[in-house]
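# Commentary on secondary and tertiary structure
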Amino acid sequence: MAHPLLAADEPSPVTVHNAQSASAFLIVADHAGNRMPRALGQLGIADADCLRHIAIDIGIAGVCRHLADALGATLIQQEYSRLIIDCNRQPGTPTSIPEMSETTEIAGNIGLGPEEAAQRAREIFRPYHDRIAAELDARQAAGRPTILIAMHSFTPVFLGIARPWHAGVLYNRDPRLARALFAQLEREAGLVVGDNEPYSVSDASDYTIPVHGERRGLLHVAVEIRQDLIADAAGQAAWGARMARLLVSALAALGDPVPAVAAS
């Protein structure tokens, strides 16, 4: 039997904040952490690369903590680097365990065997998504509504091309909350807002929204915030507060009667 990928003293791949929240909002962060299992070292990449956007959604963990606290909402986040296994990709697809990210070769992912890939999915990908599914199952059983918010951040420059957006809203089959949130973001002074930019949601490129949002028929949106805006604590606090305010306003604009903010 293969040795476990994560040693007994290594952190869990999933962290839950405000687990007992009564809010309808559920915040998830697929790329919040950049931990590397000791057994894999650093996948052959430099220390500096472990801090880059290729390894982590820079700043999003801090934004999510402020957002969850402002809404009184539960936050579920992934703690290991997306370079180990990307928790917003279907396991087995080429981008699930990338051999190249932007222009950086990920040596520890090259020539990976099926058993090694399956172990990463079993020990890192699966616990994270099982925890989200368990949260959603429990809410459904209790008759509690859920509004799923998937939070991400994006690099200001990708493959040498500067990105003008400060934030973007992403969606696929159900654009209701995304459009309402886009309208709220556009009213903010000085913001350039992407409509399915710099990315969009699809079954081929995403996992969290298609599986947990669309299949369950939940009101949902994926949000992208540019990393230079949330690289420090002040930016994270400001954007956490902003997104909390605008999500509540977007929900109100939809005429949704769901009590989205937990009673204090």
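Sequence order as written defines the numbering, with residues in each chain counted from 1. Since the coordinates come from a predicted model, pLDDT governs what is reported: local features require at least 70, and pairs of side-chain atoms require 80 or more to be given and counted, while whole-chain, interface and lining totals use all residues. The side-chain values count all of the structure's non-hydrogen atoms but skip hydrogen atoms and water molecules.

### Focus: the layout of surface pockets
Where empty space is left becomes clear once a probe the size of a water molecule has been rolled over the atoms. Roughly 580 Å³ of volume is contained in the largest pocket. Around the largest pocket sit 28 residues that line it, and His 31, Arg 82, Asp 86, Arg 89 and Tyr 199 are the ones nearest its centre. Elements supplying a minimum of two residues to the lining of the largest pocket: strand S4 (100-101) and strand S6 (147-154). Comment: elements are numbered from the N terminus, with helices defined as DSSP H or I runs of at least four residues and strands as E runs of at least two. Tallying contributions element by element places S6 first for the lining of the largest pocket, with three residues. Of the two site types, the cavity is a set of points on a 1 Å grid over the protein atoms alone where a 1.4 Å probe fits but cannot get out, and the pocket is an open set with protein on both sides within 12 Å along at least five of seven lines, each lined by residues with an atom within 4 Å of a point. Grid points are joined across faces, edges and corners, and a volume is the space filled by probe spheres set on the points.

### A short note on the environment of Ala 118
By secondary structure assignment, the location of Ala 118 is in helix H3 (residues 114-141). The spatial distance from the C-alpha of Ala 118 to the C-alpha of Gly 92 is 8.5 Å, given a sequence separation of 26 residues.

### A closer look at the packing of helix H2 (residues 60-71) against helix H6 (residues 233-253)
Taken N-terminus to C-terminus, the directions of H2 and H6 make an angle of 45 degrees; their axes are 8 Å apart at the nearest point. Accordingly, the angle class assigned to the pair H2 and H6 is oblique. Between H2 and H6 lies a crossing of right-handed hand. Side by side, H2 and H6 meet where Gly 62, Val 63, His 66, Leu 67, Ala 70 and Leu 71 of the first sit next to Gln 236, Ala 237, Trp 239, Gly 240, Met 243, Ala 244, Leu 247 and Val 248 of the second. Axis geometry follows a simple rule: fit a line to the C-alpha atoms, using only the stretch in contact for helices, then measure angles between N-to-C directions, giving values from 0 to 180 degrees. What sets the label is the angle itself: under 35 degrees gives roughly parallel, over 145 gives roughly antiparallel, 65 to 115 gives roughly perpendicular, and the rest give oblique. Throughout, a crossing is termed right-handed when the near helix is turned clockwise from the far one, and left-handed when it is turned anticlockwise from it by less than a right angle. We call two residues in contact when some of their heavy atoms are within 4.5 Å.

### Brief notes about the nonpolar core
Looking at soluble globular proteins, one finds that nonpolar side chains tend to be buried together. The biggest cluster of nonpolar side chains holds 39 residues, and the ones touching the most others in it are Ile 27, Ile 149, Met 151 and Leu 181. Of all the secondary structure elements, the ones that give two or more residues to this core are strand S2 (25-29), H2, S6, strand S9 (167-170), helix H4 (176-186), strand S11 (219-226) and H6. Leaving out residues up to four positions away in the same chain, Ile 27 has contacts with Cys 64, Leu 67, Leu 71, Ala 73, Thr 74, Leu 75, Ile 76, Ile 149 and Met 151. We call a set of buried residues a nonpolar core when its members are Ala, Val, Leu, Ile, Met, Phe, Trp, Tyr or Cys and they connect through side-chain atoms within 4.5 Å of each other. Burial classes follow relative accessibility: with a 1.4 Å probe on protein chains only, a residue under 20% of its type's maximum area counts as buried, one over 50% as exposed, and anything between as partly exposed. In terms of nonpolar packing, the next biggest core, distinct from the first, is built from 34 residues, Val 14, Leu 43, Ile 45 and Ile 209 among them.

### Quick notes on H4
For H4, every residue scored as buried is listed here: Leu 177, Ala 178, Ala 180, Leu 181, Phe 182, Gln 184 and Leu 185. Looking at the packing, one finds that the buried side of H4 touches S6, S9, strand S10 (193-195), S11 and H6.

### Describing the sheet that holds S11
Taken in spatial order, the seven strands of this open sheet run S1-S3-S2-S6-S11-S9-S10, and their pairing is mixed. Looking along the sheet, the strands with just one partner apiece sit at the ends: strand S1 (14-17) and S10. Pairwise comparison of adjacent strand axes, ignoring direction, gives a mean angle of 20 degrees for this sheet. As defined by bridge partners, S1 adjoins strand S3 (residues 74-78) across four bridges and the pair is classed as antiparallel. Counterpart to His 17 in the pairing with S3 is Leu 75. With respect to the sheet, H2 is in contact with S1, S2, S3, S6 and S11, its orientation differing from that of S6 by roughly 150 degrees. Contacting S1, S2 and S3, H3 runs over the sheet at an angle of about 165 degrees to S3. Any two strands with at least two DSSP-identified bridges between them are counted as paired.

### Considerations on the environment of Glu 224
Considering the arrangement of structural elements, one finds Glu 224 in strand S11. You can call Glu 224 buried: its relative accessible area is 6%. Sequence separation between Glu 224 and Trp 165 is 59 residues; the distance between their C-alpha atoms is 9.4 Å. Setting aside residues no more than four positions away along its own chain, Glu 224 makes contact with His 152, Ser 153, Phe 154, His 166, Ala 167, Gly 168, Leu 170, Pro 198 and Tyr 199.

### Structural notes on the side chain of Gln 77
Structurally, Gln 77 is set in strand S3. In protein, a polar contact requires one atom able to donate a hydrogen and another able to accept it; more generally it is a pair of N or O atoms within 3.5 Å, and residues adjacent in sequence count only if both atoms are side-chain atoms. Here the side chain of Gln 77 touches Glu 79 through a polar contact of 2.8 Å, side chain to side chain.

### Observations regarding unusual backbone geometry
Leaving glycine out, the prevailing phi sign among residues is negative, and the prevailing peptide bond configuration is trans. Residue Pro 198 is bonded to the preceding Glu 197 through a cis peptide linkage, with omega at 5 degrees. Its location among the elements puts Pro 198 in the loop between S10 and helix H5 (208-214). Look at Glu 102: it is not a glycine, yet its phi comes out positive at around 50 degrees. Positionally, Glu 102 belongs in the loop between S4 and strand S5 (104-105).

### Some remarks on the packing of aromatic side chains
Whether two aromatic rings pair depends on their centres lying within 6.5 Å, for rings of Phe, Tyr and Trp, where Trp uses its six-membered ring; planes under 30 degrees apart make the pair stacked, over 60 edge-to-face, and the rest tilted. The tally for this structure, following the rule as stated, stands at one aromatic pair. Residues Phe 125 and Tyr 207 carry aromatic rings whose centres are separated by 4.9 Å and whose planes lie at 75 degrees to one another, so their mutual orientation is edge-to-face. Of this pair, Phe 125 sits in helix H3 while Tyr 207 sits in the loop between S10 and H5, and the two are 82 residues apart along the sequence. For Tyr 207, a relative accessible area of 9% puts it in the buried group. Against the face of Trp 239 rests Arg 242, its NZ or CZ located 4.6 Å from the ring centre. We call a charge positioned above a ring when the Lys NZ or Arg CZ atom is no farther than 6 Å from the ring centre and deviates by at most 35 degrees from the ring normal.

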